[in-house]
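Breakdown of the fold
Chain by chain, the residues:
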Amino acid sequence: MTTTDWITDIALLLVVFRQLREGRLDTKSYVIPLAIVAFVAHSYLNTVPTAGNDLVLIGTLVAIGAALGIAGGIYTRIRKVDTHLFIKAGAVSATLWVLGMGARMGFQLWVDHGGADNVARFSLAHQITTEDAWVAAFVLMALTEVVTRLGTIFLRARAVAREHSQPAVDGRRAAVTADRTV
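This write-up is about the structure you can find in this document. All figures in this text were calculated on a predicted structure; none of them were measured in a lab.

What counts and what doesn't
Residues numbered from 1 in each chain as written. Predicted model: local features only at pLDDT ≥ 70, side-chain atom pairs only at ≥ 80, totals over all residues. Heavy atoms only, no water. Helix = DSSP H or I, 4+ residues; strand = E, 2+ residues; numbered from the N terminus. Expected span 1.5 Å × (residues − 1). Buried < 20%, exposed > 50% of the residue type's maximum accessible area, 1.4 Å probe, protein only. Arc of directions from axis to C-beta. Pairing = 2+ DSSP bridges. Salt bridge = Lys/Arg side-chain N within 4 Å of Asp/Glu carboxyl O. Axes fitted to C-alpha atoms, helices over the stretch in contact; angles between N-to-C directions. Parallel < 35°, antiparallel > 145°, perpendicular 65-115°, else oblique. Left-handed = near helix turned anticlockwise from the far one by under 90°. Contact = heavy atoms within 4.5 Å. Nonpolar A, V, L, I, M, F, W, Y, C, P; charged D, E, K, R; others polar.

Here we look at helix 2 (residues 27-44)
When the terminal C-alpha atoms of helix 2 are compared, their 26 Å separation across 18 residues agrees well with the 26 Å that a helix rising 1.5 Å per residue should span. Of all the residues in helix 2, the buried ones are Ser29, Tyr30, Pro33, Ile36, Val37, Val40 and Ala41. Mapping the buried residues of helix 2 onto a view down its axis gives an arc of 145 degrees, with all of them on the same face. Among the exposed residues of helix 2, those pointing more than 90 degrees away from its buried face are Thr27 and His42.

This is the structure we're talking about:
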């Protein structure tokens, strides 16, 4: 792994750790992770191979990324205080994020330190044509996890804001926290 690989992987892992402490949900909350994955996609995603079972591999890891991203977004607490939304990643959300982002890093370390022959044999047996298929699969998995997590948070934040702007019922305002920080 290059220094850039390490910096990028660690930056992606730190994104969620920053959210373990509650902070304001603002443009920066969306832009930073999107900028990191855009950089990763630009740097590593040169092609999306379609021969053999390359698309099956890519589709499988993209689906895993989507599931991790949606679940991570669901298990992030969003609440409104006055006119501001606040976000806090719970333990489940952080675990899912580390699992998804760490999988790519762990796979790359394993391949670099003795696992390449195993991956080559697996690829041959399952008609995965090139190492570019693996690169595309893991990059698209990370991209999908980030986008679906942020999309889920965005939709939930809109629901919390909408709920907060509704008139009080029976003289009381309904709870406005979407809390799944288990």
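There is more to say, and it comes next.
A word on the pairing of strand 3 (residues 84-89)
Relative to strand 3, strand 1 (residues 23-24) is paired through two bridges, and the arrangement is antiparallel. For Arg24, the partnering residue across the bridge sits in strand 3 and is Phe86. Connecting the antiparallel pair strand 2 (residues 76-81) and strand 3 is a turn made up of two residues, with Asp82 showing a positive phi of about 55 degrees.

Some details on the pattern of salt bridges
Oppositely charged side chains can form a pair if their charged atoms are brought close together. This structure, assessed with the given rule, holds two salt bridges. With a shortest N-O distance of 2.8 Å, Arg77 and Glu22 are connected by a salt bridge. Of this pair, Arg77 sits in strand 2 while Glu22 is found in the loop between helix 1 (3-18) and strand 1, placing the two residues 55 residues apart along the sequence. Residue Glu22 is classed as partly exposed on the basis of its relative accessible area of 25%. Glu22 serves as the salt-bridge partner of Arg79, at 2.6 Å between the closest nitrogen and oxygen. Here Arg79 is found in strand 2, whereas its partner Glu22 is found in the loop between helix 1 and strand 1, with 57 residues between them in sequence. A residue is classified by how much of its surface remains accessible, and Arg79, at 26% relative accessible area, is partly exposed. By sharing partners, the salt bridges in this structure join Glu22, Arg77 and Arg79 into a single network.

Details of unusual backbone geometry
Both trends apply: most residues other than glycine have a negative phi, and most peptide bonds are in trans. A positive phi is found at Asp82, a non-glycine position, where the angle reads about 55 degrees. Mapped onto the elements of the fold, Asp82 is located in the loop between strand 2 and strand 3. Assessed through its relative accessible area of 61%, Asp82 is described here as exposed.

Section: the packing of helix 3 (residues 54-74) against helix 4 (residues 91-125)
Packed helices, taken two at a time, are described by the angle between their axes plus the distance between the axes. Here helix 3 crosses helix 4 at 160 degrees, and the two axes come no closer than 8 Å. With respect to helix 4, the axis of helix 3 lies roughly antiparallel. Of the two possible hands of crossing, helix 3 and helix 4 adopt the one that is left-handed. On helix 4, the residues touching Leu68, Ala71 and Gly72 of helix 3 are Ser93, Leu96, Leu99 and Gly100. Residue classes in the contact of helix 3 with helix 4 are distributed as four nonpolar, three polar and no charged.

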